[in-house]
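# Structure assessment
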Amino acid sequence: MSTDSGKTFSNVETSGYVGFANLPNQVHRKSVKKGFEFTLMVVGESGLGKSTLVNSLFLSDLYPERVVPDAVEKQHQTVKLDASTVEIEERGVKLRLTVVDTPGFGDAIDNSDSFSAILEYIDEQYERFLRDESGLNRRNIVDNRIHCCFYFISPFGHGLKPLDIEFMKKLHCKVNIVPVIAKADVLTKKEIQRLKCRILQEIEDNGIKIYPLPDCDSDEDEDYKEQVRQLKEAVPFAVCGSTTLLEVKGRKVRGRLYPWGVVEVENPEHCDFIKLRTMLITHMQDLQEVTQEVHYENYRSERLAKSVRKNTNPIIKDENGTTGEVLTEKDRILREKEEEIRRMQEKLAQMQAKIQAQK
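Residues numbered from 1 in each chain as written. Predicted model: local features only at pLDDT ≥ 70, side-chain atom pairs only at ≥ 80, totals over all residues. Heavy atoms only, no water.

If you look the protein chain up in an unreviewed UniProt entry, it shows as Septin from Aedes aegypti. Check the Sequence similarities (unreviewed entry) section of the UniProt entry for the protein chain; it says "Belongs to the TRAFAC class TrmE-Era-EngA-EngB-Septin-like GTPase superfamily. Septin GTPase family." (UniProt positions renumbered as here; feature names shortened; annotations may be inferred.)

## Looking at the overall build of the protein chain
Within the protein chain, the secondary structure is distributed over 11 helices and 11 strands. Looking at the protein chain as a whole, 35% of its 359 residues are labelled buried. Sequence-distant contacts in the protein chain: of pairs separated by 6 or more residues, those separated by 24 or more amount to 67%. Total accessible area on the protein chain stands at roughly 23,200 Å², and carbon and sulfur atoms take up 51% of it. (Helix = DSSP H or I, 4+ residues; strand = E, 2+ residues; numbered from the N terminus. Buried < 20%, exposed > 50% of the residue type's maximum accessible area, 1.4 Å probe, protein only. Contact = heavy atoms within 4.5 Å. Areas by Shrake-Rupley, 256 points an atom, 1.4 Å probe, with all protein chains shown as cover.)

## Quick look at helix α6 (residues 162–171)
Three or more residues of α6 are buried, namely L163, D164, I165, F167, M168 and L171. Buried-residue contacts for α6 involve β1 (36–43), α5 (116–134), β4 (148–153) and β5 (177–181).

## Side note on unusual backbone geometry
Following V235, the chain continues into P236 via a peptide bond in cis, with omega recorded as -5 degrees. As for its position among the elements, P236 is in the loop between α8 (222–234) and β6 (237–238). Of note in this structure, K183 is not a glycine but carries a positive phi near 50 degrees. Along the chain, the position of K183 falls in the loop between β5 and α7 (189–205). Residue K183 is classed as partly exposed on the basis of its relative accessible area of 32%.

## Some words on empty space enclosed by the protein
Remark: the empty space left among the atoms is shown by a probe the size of a water molecule rolled over them. Scanning the model with the defined rule gives 2 cavities of 30 Å³ or more in all. Together, L48, G49, T52, L53, F152, A182, K183, V239, C240, G241 and R256 line the largest cavity. A class-by-class count of the residues in the lining of the largest cavity yields 6 nonpolar, 3 polar and 2 charged. Lining the second largest cavity we find I177, V178, P179, I210, Y211, L213, V235, F237 and M279. Sort the elements by how many residues they give to the lining of the second largest cavity and β5 lands first, with 3 residues. (1 Å grid on protein atoms, 1.4 Å probe; cavity = no way out; pocket = protein on both sides within 12 Å on 5 of 7 lines; lining within 4 Å. Points joined across faces, edges and corners; volume = space filled by probe spheres on them. Nonpolar A, V, L, I, M, F, W, Y, C, P; charged D, E, K, R; others polar.)

## Focus: the sheet that holds strand β8 (residues 251–258)
With respect to topology, 3 strands assemble into an open sheet ordered β7-β8-β9, the strand pairing being antiparallel. A single partner strand is all that each edge strand has here, and the edge strands are β7 (245–248) and β9 (261–264). Ignoring which end each strand starts from, the neighbouring axes of this sheet average 70 degrees apart. Strand direction decides the pairing type here: β7 and β8, joined by 4 bridges, are antiparallel. Bridging across to β8, L246 finds its partner in V253. (Pairing = 2+ DSSP bridges. Axes fitted to C-alpha atoms, helices over the stretch in contact; angles between N-to-C directions.)

## A word on the side chain of E264
Along the chain, E264 turns up in strand β9. E264 sits in the buried class, given a relative accessible area of 11%. Every residue in contact with E264, bar those within four places of it in the chain, is listed here: V248, R251, V253, R254, G255 and H270.

## Regarding the sheet that holds β1
With respect to topology, 6 strands assemble into an open sheet ordered β2-β3-β1-β4-β5-β6, the strand pairing being mixed. Looking at strand neighbours, the two that pair on one side only are β2 (82–90) and β6, the edges of this open sheet. Against the sheet, α7 makes contact with β4, β5 and β6, and its axis sits at roughly 150 degrees relative to β5, the strand it touches most.

## A look at the side chain of D143
As for its position among the elements, D143 is in the loop between α5 and β4. When its relative accessible area of 12% is taken as the criterion, D143 is described as buried. In this structure the side chain of D143 is engaged in a polar contact, spanning 3.1 Å, whose partner is the side chain of H147. The contact partners of D143, leaving out residues within four places of it in the chain, are E37, T39, R96 and F129. (Polar contact = N/O pair within 3.5 Å; in protein donor to acceptor, adjacent residues only side chain to side chain.)

## Describing the packing of aromatic side chains
Overall, the coordinates contain 5 aromatic pairs when judged by the stated rule. Arranged with centres 6.0 Å apart and planes meeting at 40 degrees, the rings of Y126 and Y296 form a pair that is tilted. With Y126 in helix α5 and Y296 in helix α10 (residues 284–310), this pair connects stretches of sequence that are 170 residues apart. We classify Y126 as buried; its relative accessible area is 1%. Note on Y151 and F167: the rings are 5.2 Å apart at their centroids and 20 degrees apart in plane angle, and the pair reads as stacked. Here Y151, found in strand β4, pairs with F167, found in helix α6; they are 16 residues apart in sequence, far enough to count as distant. We note that Y151, like F167, is buried. In textbook terms, an aromatic cluster arises when at least three aromatic residues are bridged by ring pairs, as seen for Y126, F129, Y296 and Y299. If you follow R145 out to its NZ or CZ, it ends over the ring of F129, 3.7 Å from the centre. Cation over ring: R145 sits above Y296, and NZ or CZ is 4.8 Å from the ring centre. (Phe/Tyr/Trp six-rings, centres within 6.5 Å; stacked < 30°, edge-to-face > 60°. Lys NZ or Arg CZ within 6 Å of the ring centre and 35° of its normal.)

Structure representation (structure tokens):
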């Protein structure tokens, strides 16, 4: 039995059509509504233009109140981490971007302890995420894990310094490393190409794993395949940044003015700035997935393996011979959850008491 009122769902229109082809649109709408989170770490010596490049990439000022230390302060400066978060919206899509800077890295005479603070910070974010995942309130977890690390290499050397090699070897199993040659406008095209080849060779010789751009599927369009090919050839990216607008031949460009001309930041013939930004934006989802499925899972499995080793002897005796309990990781999590439930029940009871008192 059919009626004319059901014309919206006519048999002709739905014949041979289930409708799951609309699923990508649903995912898109949900993602846009929720917004995106991304955390970028920038590491390198002072004076390589890290802050300027980040501001140029995202067209915003992430360090409005930063005070640059003088030479006397730098003598006593240690590596510290400075996280800046900004909400960026473009065509209705929201991005919560966190940039973690590392002022003081590589500035000391003895840099043997430069990476300990950075490694601790990365592990702290993994530990916090693991703890939040094991808690009761899993719906509103804030992801502060480092999804990508721009490692800035000085253009004035002849390749990687021992500090660069040591740092990347310690970090490559924890985060996606993208090597960046800073201030590329001080080098000629031949010098840049020679330096790139030298850096890639040293990275391979030392067994360092940098972020590999994913290969294209066979059904991808040719333009995208060509774009990925050019991005892979550009590694390590030779860049220069600028937030200054200059007028060149009647048009406004962001660049640097020299006596011999203007270096345009967004001109692919002058530097790899556009390629670096394209890589970051088009592969942002992949950077997050590699962080989740590779680096975080490695940390999680190591963390759980340590917990199992610690808890092989659950009963111990103190110096007086008194037997005591050593909690397993599972027991500790259960107790934390029970304590959290108890606190929530107390708050609920207090709220109910207030409501009864108002009546």
